[in-house]
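Structural characterization, general
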Amino acid sequence: MAHSNRRLAIAQAATMLAAVIGFAPAAQAQAQDYPNHIVKIIVPFAPGGGGDVLGRIVAKKLGEEFKQTVIVENKPGASTIIATDMVAKSPPDGYTILLNVPLIVQTASLFNKLPYDPLKDLLPVADLNGSPVWFAVGTDKVKATTLKEYVEQARAHPRDYSYASIGPGSSGHLLGYELNEANKLDTIHVPYKGSAPAMQALLAGDVASVFLDYVTLKPQLSAGKVRLLGVTGTERSPLTPEVPTLAEMGFKGFEAGTWGGLFVPAKTPPAVVKKLEDAVHKVMADPEYVELMKTLGYTPGHLTQPQFAKLVQEEYTRWGDLIKKAGVKLD
C-alpha cells in the first residue's frame, strides 16, 4: 500500500510539473500576442466627468501604443462596486481593465461584505494621475466668497447647505464629513453616480457645495457658475494660485489629494501585466499626455507596479481608519 501511495504521489507530481512546464510557454506566447483584439477599460462613473475624461484619454493613447482598439465602457453606480465586481470576475487575460480611484479600497470599510476582495481579487497595474481636490460652491445658491463666510452661512441655514459627492463613501463624501467635523456643521451629504451628475446638481442649486476635480469644475469657473473656496494638498495648485489650501486655513486631514489607476483581475499572467504596465508608462511620458494632464489639473502617474500596489495598500489603511472614525456604513 505504501509503495502504491508513493507511486501515485510521484505520478501526480509529474503531471503537475508537466502542466507548469506547458503553461510557461503558453503564457509567454499569450503575452507576446497581447493584445490581438479589442481591449475594454471599464470606468465606474457616468460619462462627462473627470474619471470618464481620463479613461478616454488613456484609451486613445493606449490604442495608439498597442496599435489595437481600446474602448471605454461606463458602468456607474454603487460607489464603483458594479464596475469593480465586473472586472474582478472577468477572464484574467488583460482585455478587461478597470479604471478606479480611492473608492476601490474605501468601499471595503464602508460595506460589511463586498462581492470581491479589492486587495486579493484585483491587481494594481499603474497609476494614471494624481490631483488635489477643490472645494467648490454654486454661485447661484451660495454668496460666500471665502470658506469662513461659507461656514458662517451654513451654520445659520444648515438645511440649505447640502454637499454632493461622486458616491457614498467616496473621497468627496469623506472630505465633506471632515469639513463638517472641523467646523461643527451639519450639512447633508447627497451622493451621485459620478462627477458629471454631481456637477449638474451643484449648477441646478440642488446642493450648495462639492469636493471635485478641476477638469469637471473648469468649464463653469469662467462662466461664473462656480466659485472655488479651498483646495486639498500641502501647497496651492499652480492652476488656481489664488485659492488657499485647507491646510493653510488651519484644517488638518486635507493634505492628501486623489488619484486614478488601472487594475486587472488578480490572476492575469505577469507577462501580460508587465506589457500593459510598460505601455501605460510610455503613455505617461508622452508630451501630449503630460500637457493634457496639466491642462486638466492632473499630475501624470509615475509609479512602478510594486509602488502603486504599495500605495493602494496604504490607502486601504488610511481611508479605513477615517471611515471607522466617521462611523460611516452603507449596508
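A brief report on the enclosed structure follows.

Cut-off values and rules
- Chains are numbered independently. Their residues run from 1 in the order of the written sequence.
- Totals for whole chains, interfaces and linings use every residue, but because this is a predicted model, local features are given only for residues with pLDDT of at least 70 and side-chain atom pairs only at 80 or more, for both listing and counting.
- Excluded from the side-chain calculations are hydrogens and water; all other atoms, namely the structure's heavy atoms, are used.
- Accessible area is worked out with a 1.4 Å probe on protein chains only. A residue is then buried under 20% of its type maximum, exposed over 50%, and partly exposed in between.
- Secondary structure elements are taken from DSSP: a helix is a run of H or I of four residues or more, a strand is a run of E of two residues or more, and numbering for both begins at the N terminus.
- Contacts are assigned to residue pairs with any non-hydrogen atoms lying within 4.5 Å of each other.
- A pair is scored as a salt bridge if a Lys or Arg side-chain nitrogen falls within 4 Å of a carboxyl oxygen belonging to Asp or Glu.
- Here a strand pair is declared whenever DSSP counts at least two bridges between the two strands.
- Axis definition: a line fitted to C-alpha atoms, limited for helices to the stretch in contact. Angles are taken between N-to-C directions and run from 0 to 180 degrees.
- To be clear, the arc concerns the directions from the helix axis to the C-beta atoms.
- By the counting scheme adopted, Arg and Lys are positive, Glu and Asp are negative, and His together with the chain ends is not counted.
- Roughly parallel refers to an angle under 35 degrees, roughly antiparallel to one over 145, roughly perpendicular to one between 65 and 115, and oblique to any angle outside these ranges.
- In this scheme the crossing of two helices becomes right-handed for a clockwise turn of the near helix relative to the far one and left-handed for an anticlockwise turn of less than a right angle.
- In this classification, Asp, Glu, Lys and Arg are treated as charged, Ala, Val, Leu, Ile, Met, Phe, Trp, Tyr, Cys and Pro as nonpolar, and every other residue, Gly included, as polar.

With that out of the way, let us pick up helix α3 (residues 81-88). Burial of α3 is extensive: six of the eight residues sit out of reach of the surface. Within the span of α3, buried status applies to I81, A83, T84, D85, V87 and A88. The inward-facing, buried residues of α3 contact β1 (39-43), β3 (96-100), α4 (103-110), β4 (122-131) and β10 (258-265).

This part is about the pattern of salt bridges. Applying the stated criterion across every chain yields a total of 14 salt bridges. Here D52 makes a salt bridge to R56, at a shortest N to O gap of 3.0 Å. In this pair, D52 and R56 both sit in helix α2 (residues 50-66), four residues apart, roughly one turn of the helix. Here R56 falls in the partly exposed class, since its relative accessible area comes to 40%. Its salt-bridge partner being E64, residue K61 comes within 3.7 Å of it at the nearest N-O pair. Linking K61 with E64, this pair stays in helix α2, spanning three residues, or about one helical turn. Residue classification places K61 among the buried residues on the basis of a relative accessible area of 5%.

On to the sheet that holds β1. Note on sheets: strands pair through backbone hydrogen bonds, and any given pair is parallel or antiparallel. Spatial ordering of the open sheet is given by β2-β1-β3-β10-β4-β11, a layout of six strands whose pairing is mixed. Bordering the open sheet on either side are β2 (70-74) and β11 (299-300), each of which pairs with just one other strand. Across five bridges, the pairing between β1 and β2 is parallel. For V43, the partnering residue across the bridge sits in β2 and is N74. Sitting on the sheet, helix α11 (residues 305-326) touches β4 and β10, and the angle it makes with β4 is about 85°.

Once that is clear, we can look at helix α5 (residues 147-156). All buried positions along α5 are accounted for by L147, Y150, V151 and A154. All buried residues of α5 lie within an arc of 100° about the axis, which places them on one face of the element. Facing away from the buried side of α5, by more than 90 degrees, are the exposed residues K148 and A156. If you follow the buried residues of α5, they end up packed against β5 (134-138), α6 (171-183), β8 (209-212) and β9 (226-231).

Let's shift gears to the side chain of D213. Counting through the fold element by element, D213 comes out in the loop between β8 and α8 (214-221). Salt bridges are absent for the buried D213, whose nearest opposite-charge side chain, K218, sits at 11 Å. Apart from the residues within four sequence positions on either side, D213 is in contact with G50, W134, S195 and Y298.

Pairing in this open sheet of five strands is mixed, and the strands run β7-β6-β8-β5-β9 from one edge to the other. With partners counted over all chains shown, the strands left at the sheet margins are β7 (189-191) and β9, one partner each. Averaged over all pairs of adjacent strands, the angle between strand axes in this sheet comes to 30°, irrespective of strand direction. Across three bridges, strand β6 (residues 163-165) lies against β7 in parallel orientation. Residue pairing in the sheet places A164 in a bridge with V190 of β7. Packing against the sheet, α8 makes contact with β5, β8 and β9, and its axis sits at approximately 140° to β9.

Moving on: the packing of α2 against helix α9 (residues 270-285). Running from N to C, α2 and α9 cross one another at 115°; their axes reach a closest spacing of 9 Å. Classified by the angle between their axes, α2 and α9 sit roughly perpendicular to one another. Relative to α9, the crossing made by α2 is right-handed. Contacts from K61, L62, E65 and F66 of α2 reach α9 at K275, L276, A279, V280, K282 and V283. Classifying every residue of the contact of α2 with α9 by side-chain character gives six nonpolar, no polar and four charged.

A separate point is unusual backbone geometry. Here the bond from Y34 into P35 is cis, since omega is -10°, no more than 30 degrees from zero. Take P35: it is sitting in the loop between α1 (2-33) and β1. For A78, which is not glycine, the phi torsion reads 55° and is therefore positive. You can see A78 is positioned in the loop between β2 and α3.

Function-wise, these values are silent; they only describe arrangement.
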